[in-house]
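An overview of the molecular structure
So you can see what is in the structure, the chains are spelled out below.
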Amino acid sequence: GVVVIGSGQNVNWANPTNVEVADNSFTTCVFASGNSSSYRLQCTNFNINGIPSAATINSVTFNILAKENAGDDSVIDNEIFLVLDNSGLISNFNRSLGSVWGTDPHTQSRTYGGDLWNQSLTLGDVLASGFGISVKAGTNSNGLGEAYIDAISCTICANIYAENASIPLFLDSS
């Protein structure tokens, strides 16, 4: 599921459920001034299936197909946090790159993670309906900007241990 969390002076996301499918129907956030932030776009329930119960989680990677409107060079990711089972943000580990978003989401996709996000993630954690990512975009001092997100997907890398063998397993939500 996708929810928008926030209040106050931050900027809301329009059409937040558009991030569920990569189809060029974008979730958008329009910033009216520099140094602004969006509400948190929290995406959970990636419906990752097929991980055997004996698997050990090795890494979690989120891929965000995001862009800004052409030429602004102002939209950045302010906060990227892991969410565990609707328990809230894992606030001690912000994966934000803080760099300007490109103008083509399919060539400028943003990848976060590739590890365990400073957590001891279990199979139960990654299969929980509340497992996911929280994204907060913003603008730098360059000024106005529009943030667009086409889709967010999750890839889980796990090992299945058998006698004297380790078999890698990659599962993608896209």
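First things first, this report covers the structure right here in the doc. From a predicted model like this one, the values you see are computed outputs, not experimental measurements. (Residues numbered from 1 in each chain as written. Predicted model: local features only at pLDDT ≥ 70, side-chain atom pairs only at ≥ 80, totals over all residues. Heavy atoms only, no water.)

Another aspect to go through is the pattern of salt bridges. This structure, assessed with the given rule, holds one salt bridge. One salt bridge connects R95 with D115, and the closest N-O pair in it is separated by 2.8 Å. A residue pair is termed long-range when its members are at least 10 positions apart, and R95 in the loop between strand 5 (75-83) and strand 6 (110-115) and D115 in strand 6 qualify at 20 residues. Taking relative accessible area as the criterion, D115 reaches 28% and is therefore assigned partly exposed. (Salt bridge = Lys/Arg side-chain N within 4 Å of Asp/Glu carboxyl O. Helix = DSSP H or I, 4+ residues; strand = E, 2+ residues; numbered from the N terminus. Buried < 20%, exposed > 50% of the residue type's maximum accessible area, 1.4 Å probe, protein only.)

In this section: the sheet that holds strand 7 (residues 132-139). Strand order across the open sheet formed by four strands is 1-3-7-5, with antiparallel pairing between neighbours. Strands at the two margins of the open sheet, each flanked by one partner only, are strand 1 (2-5) and strand 5. Each adjacent strand pair in this sheet contributes to an overall mean axis angle of 20 degrees, direction not counted. (Pairing = 2+ DSSP bridges. Axes fitted to C-alpha atoms, helices over the stretch in contact; angles between N-to-C directions.)

Here we come to the packing of aromatic side chains. In the structure shown here, the tally under the stated rule is four aromatic pairs. Taken together, a centroid distance of 5.9 Å and an interplanar angle of 80 degrees make the contact between F26 and Y148 edge-to-face. Placement of the pair is F26 in the loop between strand 1 and strand 2 (27-31) and Y148 in strand 8 (residues 145-162), with a sequence separation of 122 residues. A single burial state applies to F26 and to Y148, both of which are buried. Both rings, one in F62 and one in W117, keep their centres 5.7 Å apart while their planes meet at 80 degrees; by these two values the pair is edge-to-face. In this pair, F62 is assigned in strand 4 (residues 55-68) and W117 in the loop between strand 6 and helix 1 (123-127), connecting sequence segments 55 residues apart. Across this residue pair, the class does not change: F62 and W117 are buried. (Phe/Tyr/Trp six-rings, centres within 6.5 Å; stacked < 30°, edge-to-face > 60°.)

Moving on, we get to the pairing of strand 4. Most of strand 4 is tucked away, with 10 of its 14 residues classed as buried. Bridge analysis of strand 4 against strand 6 gives five bridges, and the strand direction is antiparallel. By the bridge assignment, N63 is partnered in strand 6 with T111.

In this section: the environment of A147. Structurally, A147 is set in strand 8. Using a relative accessible area of 0% as the deciding quantity, one classes A147 as buried. In the structure, A147 is positioned 46 residues away from W101 in sequence and 8.3 Å away in space, judged by C-alpha atoms.

Any functional reading would require information beyond the geometric quantities listed.
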